[in-house]
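The chain contents come next:
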Amino acid sequence: MEKNIKQKAVYISAYIFCLICPPLILSGSLGHGITLWRDWWIYLPLFLIGIFASFGNKKIRNLAFVFQMPITINGIFTTVFSPLLYLEHTYYVVITTGLYCAFFIIWHSYSLTIVSAWQILGTIYLGMLFIQVALMLYLGMYWNDFINSIAGSFSTDIVYSIGLLFTTLFCHIKTYILKWVILFNVLCIYIFVGGFYIDPYVFNKLQYGTFTGETKEKAVLILPETDKEKGSETNIPQGYQVCMIAHSLNPWTTKMFEGIALQFHNHPVSFFILGVADTPTEAELLSREHKTMHVTVPLYFISREKLKSSPLKANAYGDYICIFKNDTLIYKREADPTTQAIRFLSNELQP
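Residues numbered from 1 in each chain as written. Predicted model: local features only at pLDDT ≥ 70, side-chain atom pairs only at ≥ 80, totals over all residues. Heavy atoms only, no water.

Visitor: Describe the overall build of the protein, naming the residues involved and giving the relevant values.
Guide: Across its full length, the protein carries 13 helices and eight strands. Considered along the principal axes of its C-alpha atoms, the protein spans approximately 85 × 50 × 35 Å. Counting only residues that meet the buried cut, the protein has 45% of its 351 residues in that class. Pairs at least 24 apart in sequence give 68% of the contacts found in the protein among residues at least 6 apart. (Helix = DSSP H or I, 4+ residues; strand = E, 2+ residues; numbered from the N terminus. Buried < 20%, exposed > 50% of the residue type's maximum accessible area, 1.4 Å probe, protein only. Contact = heavy atoms within 4.5 Å.)

Visitor: Give me the lowdown on the packing of aromatic side chains, citing residues and values where you can.
Guide: Working definition: an aromatic ring pair is given by the centre-to-centre distance plus the angle between the planes. What the rule picks out here adds up to 22 aromatic pairs. Between the aromatic rings of tryptophan 41 and tyrosine 138, the centroid separation amounts to 4.5 Å while the plane-to-plane angle is 10°, which identifies the pairing as stacked. With tryptophan 41 in helix 2 (residues 40–53) and tyrosine 138 in helix 6 (residues 117–139), this pair connects stretches of sequence that are 97 residues apart. The buried category is assigned to tryptophan 41, whose relative accessible area is 15%. Given a relative accessible area of 46%, tyrosine 138 falls into the partly exposed group. Clustering of aromatic rings is evident, with ring pairs tying together Tyr11, Tyr15, Phe65, Phe103, Trp107 and Tyr110. (Phe/Tyr/Trp six-rings, centres within 6.5 Å; stacked < 30°, edge-to-face > 60°.)

Visitor: Explain the layout of surface pockets to me, using residue names and the numbers behind them.
Guide: There is about 590 Å³ of room inside the second largest pocket. Around the second largest pocket, the lining comprises 23 residues; the ones closest to its centre are Lys308, Lys313, Ala314, Asn315 and Ala316. When residues of the lining of the second largest pocket are assigned to their parent elements, the largest contribution, four residues, is made by helix 9 (residues 176–208). Of the residues that constitute the lining of the second largest pocket, the class distribution is nine nonpolar, seven polar and seven charged. (1 Å grid on protein atoms, 1.4 Å probe; cavity = no way out; pocket = protein on both sides within 12 Å on 5 of 7 lines; lining within 4 Å. Points joined across faces, edges and corners; volume = space filled by probe spheres on them. Nonpolar A, V, L, I, M, F, W, Y, C, P; charged D, E, K, R; others polar.)

Visitor: Before we move on, can you summarise the nonpolar core with the specific residues and values?
Guide: Most often, soluble globular proteins keep nonpolar side chains buried together rather than apart. Of all hydrophobic cores here, the largest spans 40 residues; its most connected members are Ile42, Tyr100, Phe104 and Ile124. Secondary structure elements with two or more residues in this core: helix 1 (2–29), helix 2, helix 3 (58–80), helix 5 (89–110), helix 6, helix 8 (151–172) and helix 9. Counting 30 residues, the second-largest nonpolar core is a separate cluster that includes Val242, Ala246, Ala261 and Ile273. (Core = buried A, V, L, I, M, F, W, Y, C linked by side-chain atoms within 4.5 Å.)

Visitor: So what's going on with the pairing of strand 7 (residues 320–325)? Residues and values would help.
Guide: Buried residues dominate strand 7, accounting for five of its six residues. In terms of strand pairing, strand 7 meets strand 8 (residues 328–334) through six bridges, oriented antiparallel. By the bridge assignment, lysine 325 is partnered in strand 8 with threonine 328. (Pairing = 2+ DSSP bridges.)

Visitor: Before we move on, can you summarise a nonpolar patch on the surface with the specific residues and values?
Guide: Residues Tyr91, Ile95, Leu99, Ile189, Phe192, Val193, Phe196, Tyr197, Tyr201 and Phe211 make up a contiguous nonpolar surface patch of roughly 940 Å² in combined accessible area. Listing elements by their share of the nonpolar patch, those giving two or more residues are helix 5 and helix 9. Take the nonpolar patch: its biggest share by element is six residues, from helix 9. Relative to the helices and strands, phenylalanine 211 resides in the loop between helix 9 and strand 1 (214–218). (Patch = residues over 30% accessible without salt bridge, like charges linked within 9 Å, V, L, I, M, F, W, Y side chains within 5 Å. Areas by Shrake-Rupley, 256 points an atom, 1.4 Å probe, with all protein chains shown as cover. Salt bridge = Lys/Arg side-chain N within 4 Å of Asp/Glu carboxyl O.)

Visitor: Before we move on, can you summarise the environment of glycine 127 with the specific residues and values?
Guide: By the element assignment, glycine 127 lies in helix 6. Remark: the alpha-carbon pair of glycine 127 and threonine 168, spanning 41 residues in sequence, is separated by 16 Å.

Visitor: Would you mind going over the sheet that holds strand 1 in detail, with residue names and values included?
Guide: In a beta sheet, neighbouring strands are held together by backbone hydrogen bonds and run either parallel or antiparallel to one another. Taken together, the six strands give an open sheet; going across it, the order is 1-8-7-4-5-6, and neighbouring strands pair in mixed fashion. Edge positions in the sheet fall to strand 1 and strand 6 (299–302), since each has one partner strand and no second. In this sheet, adjacent strand axes meet at a mean angle of 30° when their direction is disregarded. In the packing of helix 10 (residues 251–263) onto the sheet, contacts are made with strand 4 (240–246), strand 5 (269–276) and strand 7, and the angle to strand 5 comes to roughly 160°. (Axes fitted to C-alpha atoms, helices over the stretch in contact; angles between N-to-C directions.)

Keep in mind that these numbers describe shape and distance, not what the molecule does.
Rendered as structure tokens:
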């Protein structure tokens, strides 16, 4: 009896420590701000699950611990690797996928006699799904709108899920050649493929409706003149046209876009910024930002309603680039980084 109470105490202490470590200890010590109280709606149910699981057997306690691991691991990754998360997201996905798979192997080795690799995998999947459903209910959004709004984290979870599936096969198979020669190498290759290809492809599909950025849609867009006093409108001119859709003029992306325009100034390509503005006040604010930064690329305006009903629409909150060829939209992808847009336009302009 005394031994059972001691085991429960150790389990609850370890469970609570792992649960609150990222939002309280790590976030606070690294200066990111304590998020435990803000995100109580996700941590409270997980805390109660851990308390109830402490009354179960070893298998239940083990799986309950695994169930809360997705939120714990995600918290550790986003806190410790926060510079990579925002500056080099590809490398963030590669590194964290490798660590996630390593954690799975270590946990399976520790609990080999208690739960199977497939039970661990299924519980982790349920933990990931629980986070998404809880967040969706908390925000009060429909599933499609919700997935589009969290495209960045959702695409990364897809990479994690597939990587963990390969890791489960690695743990389950006992044949040496199949396990170490084939599956181990496949898993290592996948970690890089997931970070460099699968994650951005899924993200782009959710945000822009295209996996690689390339598309072919008829687009007839009427743009008001930059001089508001003229009050006239003009169709997009023929040839190659490159525009950046911007809700506000971010200095970093705006100057990078201007850099693309300078890079292609000797080519038959026109560049312009399409600011999203519903009111004269919003348009005036964008114009002021445009003049303050001394941007040479012309600025036009479009209302949110017109943007939403046009092929230029996207689920992105940040700036993104659209490329036209005559009356056809041929490219749509994020404005930062600009390397993909430069590479695509260079290939298009080759004779």
